[in-house]
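Given next are the chains, with one letter for each unit.
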Amino acid sequence: ADALNALAADKRLQDGLRRRQQPTVLTPHPLEAARLLGNSTAAVQADRLAAAQALAERFGAVVVLKGSGSVVAAPGRTPSINPTGNALLATAGTGDVLAGFVAAHLAAGSCAWEAACHAVYQHGALADAWPAGQALTASALARAAS
């Protein structure tokens, strides 16, 4: 989150991100997306597909706009809405677990689009299968993936 906030506030970082050669996946929640786009959270939430696509085009990156029906977008591609996940993922640190899943898929050789789509699905499926009455914490979520 701090990296996304720094990116939103620094034009040089934004320019550097657009010029980089490595695959990049950004995983903002709606408030972070609003900061990156220079608009409001309400505007992001009013059209999540357009917001995710605008971020992907602006930064030349794959974007996962987190939230109910997380959106995966990339330049020149039709956005995808992830069918898995629930409100349990609104727990502190679970976005870091998602970023770790994305990194693991990238390290295994997936392209950025596939890494993001698989990671978001996996992340949400783990939450959907979470035992009722058991607290979902970021560390428990990460352990459940292994």
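Residues numbered from 1 in each chain as written. Predicted model: local features only at pLDDT ≥ 70, side-chain atom pairs only at ≥ 80, totals over all residues. Heavy atoms only, no water.

Caption draft 1: Expanded view of the environment of A87. Relative to the elements of secondary structure, A87 occurs in the loop between β4 (80-81) and α6 (94-107). Judged by its relative accessible area of 68%, A87 falls in the exposed class. Taking the C-alpha atoms as reference points, A87 and C117, separated by 30 residues in sequence, lie 19 Å from one another. (Helix = DSSP H or I, 4+ residues; strand = E, 2+ residues; numbered from the N terminus. Buried < 20%, exposed > 50% of the residue type's maximum accessible area, 1.4 Å probe, protein only.)

Caption draft 2: Fine view of the side chain of S70. With respect to the helices and strands, S70 occurs in the loop between β2 (62-65) and β3 (71-73). The contact partners of S70, leaving out residues within four places of it in the chain, are R48, V64, L65, S80, I81, N82 and V120. (Contact = heavy atoms within 4.5 Å.)

Caption draft 3: Spatial organisation of the environment of L37. Here L37 shows up in helix α3 (residues 30-37). Using a relative accessible area of 15% as the deciding quantity, one classes L37 as buried. Along the primary structure L37 and A8 are separated by 29 residues, whereas in three dimensions their C-alpha atoms are 7.8 Å apart. Apart from residues no more than four positions distant in its own chain, L37 is found in contact with V44, A51, A54, L55 and R58.

Caption draft 4: The pattern of salt bridges, seen in detail. Under the defined criterion, the tally for this structure stands at two salt bridges. In this structure, D15 engages K11 in a salt bridge whose closest nitrogen and oxygen atoms are separated by 3.3 Å. Of this pair, D15 and K11 both sit in helix α2 (residues 11-19), separated by four residues, roughly a single helical turn. Judged by relative accessible area, D15 falls into the partly exposed class, the value being 24%. Here the residues in one salt-bridge network are K11, D15 and R18, joined through shared partners. (Salt bridge = Lys/Arg side-chain N within 4 Å of Asp/Glu carboxyl O.)

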